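# Architecture and fold: a report
Listed below, chain by chain, are the residues.
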Amino acid sequence: MNSSVTGDAGRRVVLAFDGDCGFCQAAVRQIQRRASPRMEAVAWQTLPPELTEPHLERLDWEVLLFDGDRVRDGGAPALAGLLGTSTVRTYRSVGQFLQLPLIRLAANLVYRWVAGNRQRMPGGTAACAVPRPHH
């Protein structure tokens, strides 16, 4: 397993994904296998409840990048942060590219669409479907 990196003041930095979603699991496994990030990616369900409970609604919709006990980023920027710790220069560059302002905007739109349709993605099942927001 990859060791986690540390943030400010030595806090643990970790990407939290939905461990109940087959698509999310497969996507994170592919990133870990191909990019070999130095940051740890774990199912949010395995993290301490005091860390995740304030963010359960967001965790239904997006990966979150935790820096200690605070959320540093979510969605596409969080994945860019994970890629930015890659030991492979190409993936590290992709992580940096995804942080550029217009690219970040486009990546967020793509991420939202994929997240809203993850049950239809390879490895996805009905259990992957995210609940629709209540209005």
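One structure accompanies this document, and this report is about it. (Residues numbered from 1 in each chain as written. Predicted model: local features only at pLDDT ≥ 70, side-chain atom pairs only at ≥ 80, totals over all residues. Heavy atoms only, no water.)

Here we take up the layout of surface pockets. If you add up the space inside the largest pocket, you get close to 460 Å³. Lining the largest pocket are 18 residues, and of these Phe23, Ala27, Ile31, Leu79 and Tyr111 sit closest to its centre. For the lining of the largest pocket, the secondary structure elements donating two or more residues are helix H1 (22–35), helix H4 (76–83) and helix H6 (101–116). Across the lining of the largest pocket, the residue classes break down as 16 nonpolar, no polar and two charged. (1 Å grid on protein atoms, 1.4 Å probe; cavity = no way out; pocket = protein on both sides within 12 Å on 5 of 7 lines; lining within 4 Å. Points joined across faces, edges and corners; volume = space filled by probe spheres on them. Helix = DSSP H or I, 4+ residues; strand = E, 2+ residues; numbered from the N terminus. Nonpolar A, V, L, I, M, F, W, Y, C, P; charged D, E, K, R; others polar.)

Looking now at the nonpolar core. Membership of the largest hydrophobic core comes to 23 residues, with the highest contact counts inside it found for Leu15, Phe17, Met39, Val63 and Leu65. Broken down by secondary-structure element, the contributors of at least two residues to this core are strand S2 (12–17), H1, strand S3 (40–43), H4 and H6. Element by element, the count of residues in this core is highest for H1, at five residues. Apart from residues no more than four positions distant in its own chain, leucine 15 is found in contact with Met39, Glu40, Ala41, Val42, Val63, Leu64, Leu65, Ala78, Leu79 and Leu82. Counting residues in hydrophobic clusters, the runner-up holds ten residues, among them Ala16, Leu47, Phe66 and Val71. (Core = buried A, V, L, I, M, F, W, Y, C linked by side-chain atoms within 4.5 Å. Buried < 20%, exposed > 50% of the residue type's maximum accessible area, 1.4 Å probe, protein only. Contact = heavy atoms within 4.5 Å.)

Right, let's talk about a nonpolar patch on the surface for a bit. A cluster of nonpolar side chains, namely Leu102, Leu105 and Leu109, defines an oily patch on the protein surface of about 360 Å² accessible area. Examined against the element boundaries, leucine 102 turns out to sit in helix H6. With a relative accessible area of 69%, leucine 102 lands in the exposed category. (Patch = residues over 30% accessible without salt bridge, like charges linked within 9 Å, V, L, I, M, F, W, Y side chains within 5 Å. Areas by Shrake-Rupley, 256 points an atom, 1.4 Å probe, with all protein chains shown as cover. Salt bridge = Lys/Arg side-chain N within 4 Å of Asp/Glu carboxyl O.)

A few words now on the environment of glycine 124. Within the secondary structure, glycine 124 is located in the segment after H6. The exposure class of glycine 124 is partly exposed, given its relative accessible area of 21%. Counting along the chain gives 99 residues from glycine 124 to glutamine 25, while the straight-line C-alpha distance between them is 9.4 Å. Beyond its immediate sequence surroundings of up to four residues, glycine 124 is in contact with Phe23, Arg118 and Gln119.

Within S2, five of the six residues are buried, which leaves the element mostly enclosed by the surrounding structure. Pairing of S2 with strand S4 (residues 64–67) involves four bridges; the strand directions are antiparallel. Pairing of leucine 15 across the sheet is with leucine 65, part of S4. One ladder, built from four bridges, connects S2 with S3; its direction is parallel. (Pairing = 2+ DSSP bridges.)

The next subject is H4. Of all eight residues in H4, seven are buried, a share of seventy percent or more. For H4, the complete set of buried residues consists of Ala76, Pro77, Ala78, Ala80, Gly81, Leu82 and Leu83. In the core, the buried residues of H4 are packed alongside S2, H1, S4, strand S5 (70–74), helix H5 (89–97) and H6.

Scanning the entire structure with this criterion turns up seven salt bridges. A salt bridge links aspartate 67 to arginine 72; the nearest nitrogen and oxygen atoms lie 2.9 Å apart. Accessibility expressed as a relative area gives 1% for aspartate 67, which makes it buried. Across the pair arginine 104 and aspartate 73 runs a salt bridge whose closest N-O atoms are separated by 3.2 Å. Residue arginine 104 is found in helix H6, and its partner aspartate 73 is found in strand S5; the two are separated by 31 residues along the sequence.

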